[in-house]
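# Close look at the chain arrangement
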Amino acid sequence: MVLLATYLSTAAPDLTFWDAAEFMTGAHTLGIPHPPGTPLWILLGKLSALVFSSASPPRAITLLSVWASALAGGVGAWMASRWIGARGAVVAAVMGGAMYSVWNNATETEVYGVALLASVCMLAVAEYAGRHDTAPDQRIRARGVIAFLAGLAVPLHLSVLVALPATVALAWRGPRPTVRAMISWGALLLLGLSAVAVLPMLSARNPQLDSGNPESLRAVIAVLRREQYAVVGLWPRLAPLWLQVGNLFQWADWQVAFGLHPLPTAAVARTALSILWAWLAVLGGRAMWRHDPRVGRAMVLLLVSATLGVVFWLNMRAGPSFGVGVLPPGAGHEARERDYFFVLGFWAWGLMAGAGAASLATTLARRLPAPVATLPLLVVLVPLLANHPVADRTREPVASLPRIYARLLLDAVPQNGVLLAGGDNDTFPLWYLQQVEDYRADVAIVTVPLLGAEWYRAELAGRKLLAPEAVTRWPGTDAVLRSVMIRAGEARRPVRVSTLLGRGDRHRLAPAMGWALQGLVYAPAPTAPAGTVVLDDRAIRAQRDQVPGAALAPLPPASDPAARTAQELLRCTTITSPTDPLLVSGCNGA
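Residues numbered from 1 in each chain as written. Predicted model: local features only at pLDDT ≥ 70, side-chain atom pairs only at ≥ 80, totals over all residues. Heavy atoms only, no water.

## Quick notes on the overall build of the protein chain
Worth spelling out the cut-off: Elements are defined by DSSP. Helices are runs of H or I of four residues or more, strands are runs of E of two residues or more, and each kind is numbered from the N terminus. Radius of gyration: over C-alpha atoms. The globule rule applied is 2.2 Å multiplied by the number of residues raised to the 0.38 power. Burial status follows relative accessibility: with a 1.4 Å probe on protein chains alone, a residue under 20% of its type maximum counts as buried, one over 50% as exposed, and anything between as partly exposed. Any pair of residues with heavy atoms lying within 4.5 Å of one another is described as a contacting pair. The Shrake-Rupley method, run with a 1.4 Å probe sphere, supplies the accessible areas, and residue values consider only the shown protein chains as cover. Counting rule applied: Lys, Arg positive; Asp, Glu negative; His and chain ends not counted. Where a charge lies is defined by one atom per residue type: Lys uses NZ, Arg uses CZ, Asp uses CG and Glu uses CD.
Per the secondary structure count, the protein chain includes 27 helices and six strands. Taking 25 Å as the expected radius of gyration for a compact globule of 590 residues, we find that the protein chain reaches 26 Å, a close match to that expectation. With respect to the principal axes defined by its C-alpha atoms, the protein chain has extents near 85 × 55 × 50 Å. For the protein chain, the proportion of its 590 residues judged to be buried stands at 55%. Taking the intrachain contacts of the protein chain between residues at least 6 apart in sequence as the baseline, contacts between residues at least 24 apart amount to 71%. When the accessible surface of the protein chain is totalled, it reaches about 24,400 Å², and 65% of it is carbon and sulfur. Mean positive and mean negative side-chain charge positions of the protein chain (48 and 36 charges, respectively) differ by 8 Å.

In structure tokens, the structure reads:
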């Protein structure tokens, strides 16, 4: 109940940036979001929309993350109660759920809260299966449930499988299974995996959000394998392995008390608490090992698999705030901080630290009065209080900024216009407004980073925005952009370009003309010299009048960098001179 109340009071009331708005769109319309498509999550999201229909449409889907993350804490407490007692288990579960990345993903529409719940359920069932007092027939059934949950990981989210090594370690007790039992487990695994069949069913409905168009077996496999993206192997490393591990430790240092120093760099007080939590986790691991070596081994394995194992497997570039001055100039960085990939690992760390606090309290109880001995349990208040200021998504202007930006960007496009977008944050919130709230559905959005995907080019060709011959044969970005421009002109559809899109893309779109800044968009300016930018003062003034003053208020500490970018773009409506530095620094001008 502590976690549920905490998440409910800090959950996003509306849209958020990045993938959340796309997932909301998929849940409400039964569409298919970006690969791997997450069809089981989409069905759960639709169910959430129906169950919480009294809430606003965005909030109704976010409540799925809230309840799933809170339930993960409840299941974790039930599991740990046999190891450290009921009181210690509650403290441990709250400490796990209050870790910064866990909390952050519990309060927005994302897959990781539900994936965490599935992982913890798999661990809890395995803990039961591996008990020495579990009857043989019950052990076989419990392992069957594990196989079913493992199969569900593919249609839900593959991050669930990160818990599989620890699950096996917990469940591995008793005689060798029979062939009959293994066949039944295999059947249950396939039954869970069969939920993937939802993908072509959803796609056959031809929803507007139909990423990958997975109607054939080959297309389904391509979506599940994320072939749309340049999926990297284990070698060569995209950044030095030591630096990738260092990046993990940077994100780990944010978990316990990020609000004390809500900046990427280390700070004495915050890092000291991180070290304290590491020590408590060691004590917790020792207590679990003493209770049952099987449990101790499994929890250590879970922590290692969900942290260092994920680092090695994903082979990521350095985070946007890490590796500066170490990596060579021009080295690639991730588009955003990827701490959310480690939600399960950070949750396990918090759980083990809570177990350590409970163990310390038990030790002190043998020598000190009960009120004094329980003091170590009060450490649970540290993440609850220290992370609250940075995990609260109800703060303004962050809470309303994505909707304000998306509406104003759509409003900047003339009737039946074509908007060229630069990425997630000038695409996904707009899709939500169009497809869920039926706002400015007349605007055709062309997301430039998606043009390399054949399914997306086929979608554009179906909407008469791209020449059919450019679908199966990739002619290059320049040719595709020019084809969009030509087709829009033939249909007498005005073209606008998001200020989030780079100057180079504008030049490729129409290399022989200049562009006029109109606030949040650029419009073609045929009379301006090629490659130059002029100001459409009237349009800029009209957009400026629509921007609420509160949207440009100072952002709270540790706000998503996407919010800062959105504010910069909204300030493009304040430009009054071609020499304004903001034209270049924030509005991708000349």
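## Let's talk about the nonpolar core
Cut-off, in case you're wondering: To define a nonpolar core, start from buried Ala, Val, Leu, Ile, Met, Phe, Trp, Tyr and Cys residues and group those joined through side-chain atoms within 4.5 Å.
Counting 181 residues, the largest nonpolar core has W41, W277, W347, L420 and V446 as the members making the most contacts within it. Looking at which element gives the most residues to this core, the answer is helix α4 (residues 57-97), with 18 residues. When neighbours within four sequence positions are excluded, V446 is seen to be in contact with V418, L419, L420, A421, L451, Y456, L460, L465 and V484.

## A word on the sheet that holds strand β1 (residues 418-421)
The strands that make up a sheet pair up through hydrogen bonds in the backbone, lying either parallel or antiparallel. Note the following rule: Strands are labelled as partners when DSSP assigns at least two bridges between them. Where helices are involved, their axes are fitted lines through C-alpha atoms of the stretch in contact, as for all axes, and angles between N-to-C directions lie from 0 to 180°.
Read from one edge to the other, the open sheet built from six strands follows the order β2-β1-β3-β5-β4-β6, with strand pairing classed as mixed. Looking along the sheet, the strands with just one partner apiece sit at the ends: β2 (444-447) and β6 (533-535). Neighbour-to-neighbour, the strand axes of this sheet turn through a mean angle of 35°, independent of strand direction. Against the sheet, helix α23 (residues 477-490) engages β1, β2, β3 (495-498), β4 (514-517) and β5 (521-525), with an angle of about 165° to β1.

## What about the pairing of β5?
Burial runs high along β5: four of the five residues are buried. Note: β3 against β5, two bridges, orientation antiparallel. Note that in β5 the partner of V497 across the bridge is Y522. Judged from the four bridges that link them, β4 and β5 form a sheet pairing that is antiparallel. Residue W515 lies in a different strand from β5, and its bridge partner there is P524. Between β4 and β5, which pair antiparallel in sequence order, lie three residues; one of them, G519, sits at a positive phi of approximately 120°.

## Quick notes on the side chain of N247
Structurally, N247 can be placed in helix α12 (residues 241-252). With residues up to four places along the chain from it excluded, the contact list for N247 reads R317, A318, G319 and F322.

## Side note on the state of the cysteines
Stated formally: Criterion for a disulfide: a pair of cysteine sulfur atoms at a distance within 2.5 Å.
Across all of its chains, the model carries one disulfide by this definition. The residue that forms a disulfide with C572 is C587, at a sulfur-sulfur distance of 2.0 Å. In this structure, the disulfide formed by C572 and C587 twists by about -115° around the S-S bond and is classed as left-handed. Here C572 is found in the loop between α26 (561-570) and α27 (582-585), whereas its partner C587 is found in the segment after α27, with 15 residues between them in sequence. Grouping residues by exposure puts C572 and C587 together as buried.

## Looking at the pairing of β2
Looking down a regular strand, the side chains alternate between one sheet face and the other. What counts is decided by this rule: By definition, the crossover connecting two strands over a helix is right-handed if that path, from the first strand to the second, turns clockwise as seen with the strands pointing away from the viewer.
A two-sided burial pattern is seen for β2, the buried positions comprising A444 and V446 on one face and I445 and T447 on the other. Here four bridges tie β1 to β2, and the two strands are oriented parallel to one another. Note that in β2 the partner of L419 across the bridge is I445. Each parallel crossover has a hand, and for β1 linked through helix α20 (residues 428-435) to β2 it is right-handed.

## Some thoughts on the packing of aromatic side chains
Which entries qualify depends on this criterion: Under the pairing criterion, centres of Phe, Tyr and Trp rings, with the six-membered ring standing for Trp, must be within 6.5 Å; the plane angle then separates stacked pairs below 30 degrees from edge-to-face pairs above 60, leaving the rest tilted. Whether a charge sits over a ring depends on NZ of Lys or CZ of Arg being within 6 Å of the ring centre and within 35 degrees of the ring normal.
Taken as a whole and assessed by the stated rule, the structure comprises 11 aromatic pairs. Geometrically, the ring pair formed by F342 and F346 is tilted, given 6.1 Å between the ring centres and 45° between the ring planes. For the residue pair F342 and F346, the accessibility class agrees, reading buried in each case. In this structure an aromatic cluster arises from ring pairing among Y100, W254 and F258. Against the face of W235 rests R237, its NZ or CZ located 5.5 Å from the ring centre.

## Some details on the pattern of salt bridges
A side chain with one charge may pair with a side chain of the opposite charge, provided their charged atoms come close. Our working definition: Any Lys or Arg side-chain nitrogen found within 4 Å of a carboxyl oxygen on Asp or Glu counts as a salt bridge.
As enumerated under the stated definition, the model contains 18 salt bridges in all. Of the charged contacts in the structure, one is a salt bridge between R225 and E227, with a shortest N-O distance of 3.3 Å. A salt bridge links R463 to E459, with the nearest nitrogen and oxygen atoms 3.0 Å apart. Among the ionic contacts, a cluster of salt bridges with common partners joins R82, E127, R131, R173, D292 and R294.

## Things to note about helix α21 (residues 454-462)
For α21, every residue scored as buried is listed here: W455, Y456, R457, L460 and A461. Along its buried surface, α21 packs onto β2, α22 (469-472) and α23.

## As for the packing of helix α7 (residues 136-156) against helix α9 (residues 179-193)
We count it as follows: Oblique is the label for any angle not under 35 degrees, not over 145, and not in the 65 to 115 range, which are roughly parallel, roughly antiparallel and roughly perpendicular in turn. Note: crossing handedness is left-handed where the near helix turns anticlockwise from the far helix by less than a right angle, and right-handed where it turns clockwise. Only Asp, Glu, Lys and Arg are considered charged in this grouping, and only Ala, Val, Leu, Ile, Met, Phe, Trp, Tyr, Cys and Pro are considered nonpolar; every other residue, Gly among them, is considered polar.
Between α7 and α9, the least distance of the axes is 6 Å, while the angle of their chain directions is 30°. Classified by the interaxial angle, the pair formed by α7 and α9 is roughly parallel. You can see that α7 and α9 cross each other, and the crossing is right-handed. Residues I140, R143, G144, A147, F148, A150, G151, L152, V154 and P155 of α7 form the contact with α9, whose participating residues are A181, W185, L188, L189, L191, G192 and L193. Class assignment for the residues of the contact of α7 with α9 results in 13 nonpolar, three polar and one charged.

Honestly, that's just the spatial picture; any functional story needs more than this.
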